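# A structural walkthrough
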Amino acid sequence: MTSEHRTQVPSALPTPARINLLDLDRAGFERLFAELGQKPFHGRNVFKWLHKHGVVGFDAMTDLPKTLRQRLGEQTEIRLPRIVHEQPSGDGTRKWVLELADGQRVETVYIPEVGRSTVCVSSQVGCALDCTFCATARQGFNRNLSVGEIIAQVWHVTRQIGTAPTNVVMMGMGEPLANFEAVVAAMGIMQDDLAYMLSKHRVTLSTSGIVPNIYRLREVADVSLAVSLHAPDNTLRDQLVPINRKYPLEELIPACRAFIAGDKRRRVTWEYVMLDGINDSLTHAKRLIRLLEGTPSKVNLIPFNPFPGTDFATTPPERVEAFRQRLLRSGLMAMTRKTRGDEIAAACGQLVGRVADRTRRQAVPLDLRLAAR
Ligand code: SAH
């Protein structure tokens, strides 16, 4: 049989998946265009059309040769997740539910403030880390998001709002450092001048503390680091953030110090969720001060955002403030994060998609109450 015949026989094999251009950063575009025998600057142009101008149809990319546009249409695609739900809230916060090609869902939140706007981006469907006070943990881990599925969240918000956000925080569903390559590439697109142009101060990755990947991140990305601390000692942190059993504080703190080393203006942001009667006493504050001694730090106190089925409660505001004052007195920078979008379940730790609780665990385990003493 000649090859000519072969091409005429309808193939029972599925056609190979087309490259989704949303999965490529600038270097990826240049590589792909080289493979297609095209000039790299055409690749950069398509990248710019896609992210800076939000154009997803090749015919509208008017500075590309017609033959190239045709070829891109045959061999590649621009596949965006679909917005299936949008929820605005009274304070201007908006939450979108995106449906991915396989039907999975993730959430993205937009938080406008005076003079700035922040998008809270998800990195995984669900999460494997099982932090006891987090709603996403309840659905267990499903899968990593692709580069395209991560950057599409910024793409969609930019088009929905009509302008690019000024800040991105990798603080949505999932643990970004457990989806390392895709998150790093997506953050690269956020920072690229041909795309969203965000500086290193305006892209923040939040991690529960996957220590080896904090060191790796320092090598390949220039972003700001936030760490979900939530407890000033291992006994309590083991309970609240179970990954601490693998990477305890004596490993986590040096990794964070190394991350900002060499840049005097940099600080680590420590996230500390205020859980009534668990981690919020003045003794905890003192231990926290001792723990962070010598590390350029900023502490973000987050009032606990309740969700159905949790037994945790938030610390009353006056005690949050007393805790904050204690930190300030020691010279630590400390602020209380304003809760935004809580009535639409868009606040920190409330992003769950519409997935049932598969873990069936006790809301506040007994050993946690003991550890808090
Ligand atoms: N996996 C990453 C990003 C997750 S969420 C991380 O752990 O940092 C971003 C922040 O929200 C984290 O500090 C997380 O601990 C916090 N958070 C989770 N559940 C919360 C809740 N119910 N109320 C307040 N903050 C919560």
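Before any of the text, the structure's been laid out above.
Numbers given to residues run from 1 along each chain, matching the order in which its sequence is written. Predicted model: local features are reported for residues with pLDDT of at least 70 only, side-chain atom pairs are reported and counted for 80 or more only, and whole-chain, interface and lining totals are derived from all residues. Here the side-chain values reflect all heavy atoms present in the structure, with hydrogen atoms and water set aside.

### Quick word on the overall build of the chain
- When helices and strands are counted, the chain shows 12 helices and 14 strands.
- Relative accessibility thresholds used throughout: buried, under 20% of the residue-type maximum; exposed, over 50%; partly exposed, between the two (1.4 Å probe, protein chains only). Out of the 373 residues belonging to the chain, those deemed buried represent 53%.
- Only heavy atoms matter for contacts: two residues are in contact if any of them lie within 4.5 Å across the pair. Considering only contacts within the chain whose residues lie at least 6 apart along the sequence, 67% involve residues at least 24 apart.
- Each accessible area is a Shrake-Rupley result for a 1.4 Å probe, and residues are judged covered by the shown protein chains and nothing else. Just so you have it, the chain exposes about 17,400 Å², and 52% of that area is on carbon and sulfur atoms. Numbering of helices and strands runs from the N terminus; a helix is a DSSP stretch of H or I covering at least four residues, while a strand is a stretch of E covering at least two.

### Looking at the pairing of strand E14 (residues 333-336)
- As defined by bridge partners, strand E13 (residues 297-303) adjoins E14 across four bridges and the pair is classed as parallel. Of the residues in E14, the one forming a bridge with Lys 298 is Met 333.
- In this fold, the crossover linking E13 to E14 by way of helix H11 (residues 317-329) has right-handed handedness. At least two DSSP bridges between two strands are required for those strands to pair. When the strands point away from the viewer, a crossover counts as right-handed if the route from the first strand across the helix to the second turns clockwise.

### Focus: unusual backbone geometry
- Even without being glycine, Met 197 reaches a positive phi, approximately 55°.
- Looking at the element boundaries, Met 197 is found in the loop between helix H6 (180-191) and strand E10 (203-207).
- A positive phi angle is found at His 230, which is not glycine, with a value near 70°.
- On the secondary structure map, His 230 appears in the loop between strand E11 (224-228) and helix H8 (234-240).
- With a relative accessible area of 5%, His 230 lands in the buried category.

### Some thoughts on the packing of aromatic side chains
- Whether two aromatic rings pair depends on their centres lying within 6.5 Å, for rings of Phe, Tyr and Trp, where Trp uses its six-membered ring; planes under 30 degrees apart make the pair stacked, over 60 edge-to-face, and the rest tilted. Enumeration according to the criterion identifies six aromatic pairs in this entry.
- An angle of 55° between the planes, with centres 5.4 Å apart, marks the rings of Phe 29 and Phe 47 as tilted. Taken together, the residues Phe 29 in helix H2 (residues 26-35) and Phe 47 in helix H3 (residues 40-51) connect sequence positions 18 residues apart.
- A residue is classified by how much of its surface remains accessible, and Phe 29, at 0% relative accessible area, is buried.
- Put simply, the rings of Phe 29, Phe 33 and Phe 47 pair up and form one aromatic cluster.
- Whether a charge sits over a ring depends on NZ of Lys or CZ of Arg being within 6 Å of the ring centre and within 35 degrees of the ring normal. Sitting above the plane of the Trp 155 ring, Arg 159 keeps its charged end 5.0 Å from the centroid.
- Its guanidinium or amino end placed over the ring of Phe 180, Arg 216 lies 3.9 Å from that ring's centre, counting from NZ or CZ.

### Quick notes on the sheet that holds strand E4 (residues 94-99)
- Strand order in the open sheet formed by 10 strands is E3-E4-E5-E6-E9-E10-E11-E12-E13-E14, and the pairing between neighbours is mixed. Edge positions in the open sheet fall to strand E3 (82-88) and E14, since each of these has one partner strand only. Direction aside, neighbouring strands of the sheet carry axes that sit 20° apart on average.
- In this structure, strand E12 (residues 268-274) lies alongside E13, joined through seven bridges in parallel fashion. Residue pairing in the sheet places Glu 271 in a bridge with Asn 300 of E13.
- Between the N-to-C directions of two axes lies an angle of 0 to 180 degrees, each axis being a line fitted to C-alpha atoms and, for a helix, fitted only over the stretch in contact. Seen against the sheet, helix H5 (residues 147-161) touches E3, E4, strand E5 (105-113), strand E6 (116-120) and strand E9 (167-170) and runs at an angle of roughly 130° to E4.

### Regarding the layout of surface pockets
- Its boundaries defined by the atoms lining it, the largest pocket holds a volume of some 1,000 Å³.
- Cavity: a set of points on a 1 Å grid over the protein atoms alone where a 1.4 Å probe fits but cannot get out. Pocket: an open set with protein on both sides within 12 Å along at least five of seven lines, its lining residues, like those of a cavity, having an atom within 4 Å of a point. Forming the walls of the largest pocket are 38 residues, and the residues nearest its centre are Arg 116, Val 169, Met 171, Asn 300 and Arg 337.
- For the lining of the largest pocket, the secondary-structure elements that each account for two or more residues are E5, E6, E9, E11, helix H9 (249-260), E13 and E14.
- Each residue gets one of three labels, nonpolar for Ala, Val, Leu, Ile, Met, Phe, Trp, Tyr, Cys and Pro, charged for Asp, Glu, Lys and Arg, and polar for the others, Gly among them. A breakdown of the residues in the lining of the largest pocket according to their chemical character gives 17 nonpolar, 11 polar and 10 charged. Grid points are joined across faces, edges and corners, and a volume is the space filled by probe spheres set on the points.

### Quick look at the pattern of salt bridges
- In the sections that follow, a salt bridge refers to a side-chain nitrogen of Lys or Arg positioned within 4 Å of a carboxyl oxygen of Asp or Glu. Inspection of the entire model under this criterion finds 20 salt bridges.
- The shortest N-O distance in the salt bridge between Arg 82 and Glu 99 comes to 3.0 Å. Taken together, the residues Arg 82 in strand E3 and Glu 99 in strand E4 connect sequence positions 17 residues apart.
- Notably, a salt bridge pairs Arg 266 with Asp 222, separated by 3.4 Å at the nearest N-O pair.

### A word on the environment of Leu 198
- Structurally, Leu 198 can be placed in the loop between H6 and E10.
- Given a relative accessible area of 5%, Leu 198 falls into the buried group.
- For the pair Leu 198 and Gly 188, spaced 10 residues apart in sequence, the C-alpha to C-alpha distance is 9.3 Å.
- Filtering out sequence-adjacent residues up to four positions away, Leu 198 remains in contact with Pro 165, Thr 166, Asn 167, Val 168, Met 190, Gln 191 and Val 203.

### Brief notes about the packing of H6 against helix H7 (residues 211-220)
- Remark: H6 packs on H7, axes separated minimally by 12 Å, with the N-to-C direction vectors making an angle of 35°. For the pair H6 and H7, the crossing hand works out as right-handed. Facing H6, whose interface residues are Phe 180, Glu 181, Val 184 and Met 187, H7 presents Asn 213, Arg 216, Leu 217 and Val 220.
- Of the residues in the contact of H6 with H7, the class split is five nonpolar, one polar and two charged. Whether a crossing is left-handed or right-handed is set by the direction in which the near helix is turned from the far one by less than a right angle, anticlockwise for left-handed and clockwise for right-handed.

### Digging into H6
- An expected span of 1.5 Å times one less than the residue number is assigned to each helix. The end-to-end C-alpha distance of H6 is 17 Å, a good match for the 16 Å that 12 residues give at a rise of 1.5 Å each.
- Counting buried positions along H6 yields nine of 12 residues, so the element is predominantly enclosed.
- Regarding H6, the residues found buried are Phe 180, Ala 182, Val 183, Val 184, Ala 185, Ala 186, Met 187, Ile 189 and Met 190.
- Check the buried side of H6 and you find it contacts H3, H5, E9, E10 and H7.

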